[in-house]
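Structural features, examined
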Amino acid sequence: FYVVRFAAPLVGVAVLVIVTEVDSSVVVSTSFSAVIAIAIVSTLIAVMRAERVAAAIGRAGGRLGHRFKPDDVDPDEWAARLVQFRADTSIQLRRTWPGAFLAMAGMVLMDGTILLVATRSVGITSVQVPTALIYGAFLVGYPLTALPFAGLGVFDAVLYALAVDRLGDAFGDTVLAALVLWRMTTVLMPLFIGMVTYGLWRRTQKPSDAAEEPVPSAPSADSTGAIPEMQ
C-alpha cells in the first residue's frame, strides 16, 4: 500500500511532462517520495531474505521507540517479533506481491478516474484541463492521502490551486464543485455503504448454537445420598 502511495508521484511527473512544464518543487517532492518507496521495498526484501537482518532491523526500530516510550518498547521483543513476522510472511509475500501491487495500482487509478469524471461533469472540458494533467496532478499529490481522511482538505487545496492556476479565479467555484463531488464519491459514499452493510450484517447474525444450548444441571443425589453414575 505505501509503496504504491509513495511511488505514484514518479508516474505523475512522467505524465505531467507530456502536457506542461514541471516545477522544481514538484521534482523535489517526487524525489523524496521515491526515496521513501525505495526504502520500504529495500527493507521488506532485506527482512524476507535473512533472519539476522530482520532481527537487526527490529532491534534498531525498538531502540528508536525505546527513546520515546522506555516503559512500553523492548528492543529485544521487537527483534523477536520481526523475526517471527519474516517466518510467517516471507513465502506468502513472494507469492502474492505482484497481485497486491497491481490491485493497489488499480485502486489509485480508479480514484483518479473518479476525479476526472467529477471534473468533466461540472463542465470543465479536456481543452481547458487535459486528462493527462488531471491524472498527473492527482498522482503527484497522492502521498498526501496518508493524512487523516485521505488528506481531506490538504490534498483538495493542492488540486484546487493547480486547477485555478490554469483556469483562472473565475473557475474557482466550478473546481470546488468538482472536488466536493469527488470527495462525496470516494469518502462519504464508502462510509455510508459500509455502515448500511454492517447494520444489515448485524441484523442477520444469529446467536451461536452453544449460546442457545441450556447449561446441564449438576446430578442430584438419590434417596441413599449417593450421586448416580454418569452413563
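Let us look at the structure shown here. Worth saying up front: this structure is predicted, and the values here are computed from it rather than measured.

**Quick look at the layout of surface pockets**
- Its boundaries defined by the atoms lining it, the largest pocket holds a volume of some 670 Å³.
- Every residue lining the largest pocket is counted, 31 residues in all, and those nearest its centre are Leu 133, Ala 137, Val 158, Leu 162 and Ala 163.
- Counting only elements with at least two residues in the lining of the largest pocket, the list comes to helix H1 (2–19), helix H2 (24–49), helix H4 (75–121), helix H5 (131–140), helix H7 (154–167) and helix H8 (172–204).
- The biggest single contributor to the lining of the largest pocket is H7, with 8 residues.
- For the lining of the largest pocket, the residue count by class is 22 nonpolar, 5 polar and 4 charged.
- Taken as a whole, the second largest pocket spans an internal volume of roughly 240 Å³.
- Together, Val 4, Ala 7, Ala 8, Val 11, Phe 101, Ala 105, Val 108, Leu 109, Gly 112, Tyr 135, Phe 138 and Leu 139 line the second largest pocket.
- Listing elements by their share of the lining of the second largest pocket, those giving two or more residues are H1, H4 and H5.

**Regarding helix H3 (residues 51–68)**
- The first and last C-alpha atoms of H3 sit 26 Å apart over 18 residues, in line with the 26 Å expected at 1.5 Å per residue.
- Those residues of H3 that sit buried are Ala 54, Ala 55, Gly 58, Gly 62 and Gly 65. Each buried residue of H3 sits inside an arc of 95° when the element is viewed along its axis, so together they form one side. In H3, the exposed residues that point more than 90 degrees away from the buried face are Arg 52, Arg 63 and Arg 67.

**Description of the packing of aromatic side chains**
- Counted according to the given criterion, the structure contains 7 aromatic pairs.
- With centroids separated by 5.7 Å and ring planes inclined at 35°, the aromatic side chains of Tyr 198 and Trp 201 adopt a geometry described as tilted. Linking Tyr 198 with Trp 201, this pair stays in helix H8, spanning 3 residues, or about one helical turn.
- Three or more aromatic residues link up through ring pairs in this structure, and these residues are Phe 138, Tyr 142, Phe 155 and Trp 182.

**What about H4?**
- With 47 residues, H4 extends just 54 Å between its outermost C-alpha atoms, more than 12% less than the 69 Å of an ideal straight helix rising 1.5 Å per residue.
- The sharpest bend along H4 reaches about 55° and sits at Thr 96, with the proline Pro 98 one to four residues further on.
- At the exit of H4 stands Gly 123, carrying a positive phi of roughly 105°.

**A closer look at unusual backbone geometry**
- In the Ramachandran plot, Phe 149 falls in the positive-phi region, its phi being about 55° despite a non-glycine side chain.
- Position of Phe 149 among the secondary structure elements: in helix H6 (residues 148–151).
- By relative accessible area, which is 59% here, Phe 149 ends up exposed.
- Positive phi, close to 55°, is recorded for Ala 150, a residue that is not glycine.
- Mapped onto the fold, Ala 150 is located in helix H6.
- Judged by relative accessible area, Ala 150 falls into the partly exposed class, the value being 31%.

**Some words on the nonpolar core**
- Leu 115, Phe 138, Leu 159, Val 175 and Trp 182 are the most contacted members of the largest nonpolar core, which has 27 residues in total.
- Among the secondary structure elements, those contributing two or more residues to this core are H1, H4, H5, H7 and H8.
- With 7 residues, the single largest contributor to this core is H5.
- Not counting chain neighbours up to four residues away, the residues in contact with Trp 182 comprise Asp 111, Ile 114, Leu 115, Ala 118, Phe 138, Phe 155, Asp 156 and Leu 159.

**Overview of the packing of H4 against H5**
- At a minimum axis distance of 10 Å, the contact between H4 and H5 shows a crossing angle of 130°. In terms of axis orientation, H4 runs oblique to H5. You can see that H4 and H5 cross each other, and the crossing is right-handed. Along its contact with H4, which presents Val 108, Leu 109, Asp 111, Gly 112, Thr 113, Leu 115, Leu 116, Thr 119 and Arg 120, the element H5 presents Thr 131, Ile 134, Tyr 135, Phe 138 and Leu 139.

Scoring rules and cut-offs
Residues numbered from 1 in each chain as written. Predicted model: local features only at pLDDT ≥ 70, side-chain atom pairs only at ≥ 80, totals over all residues. Heavy atoms only, no water. 1 Å grid on protein atoms, 1.4 Å probe; cavity = no way out; pocket = protein on both sides within 12 Å on 5 of 7 lines; lining within 4 Å. Points joined across faces, edges and corners; volume = space filled by probe spheres on them. Helix = DSSP H or I, 4+ residues; strand = E, 2+ residues; numbered from the N terminus. Nonpolar A, V, L, I, M, F, W, Y, C, P; charged D, E, K, R; others polar. Expected span 1.5 Å × (residues − 1). Buried < 20%, exposed > 50% of the residue type's maximum accessible area, 1.4 Å probe, protein only. Arc of directions from axis to C-beta. Phe/Tyr/Trp six-rings, centres within 6.5 Å; stacked < 30°, edge-to-face > 60°. Bend = angle between axes of the 7 residues up to and from the residue. Core = buried A, V, L, I, M, F, W, Y, C linked by side-chain atoms within 4.5 Å. Contact = heavy atoms within 4.5 Å. Axes fitted to C-alpha atoms, helices over the stretch in contact; angles between N-to-C directions. Parallel < 35°, antiparallel > 145°, perpendicular 65-115°, else oblique. Left-handed = near helix turned anticlockwise from the far one by under 90°.

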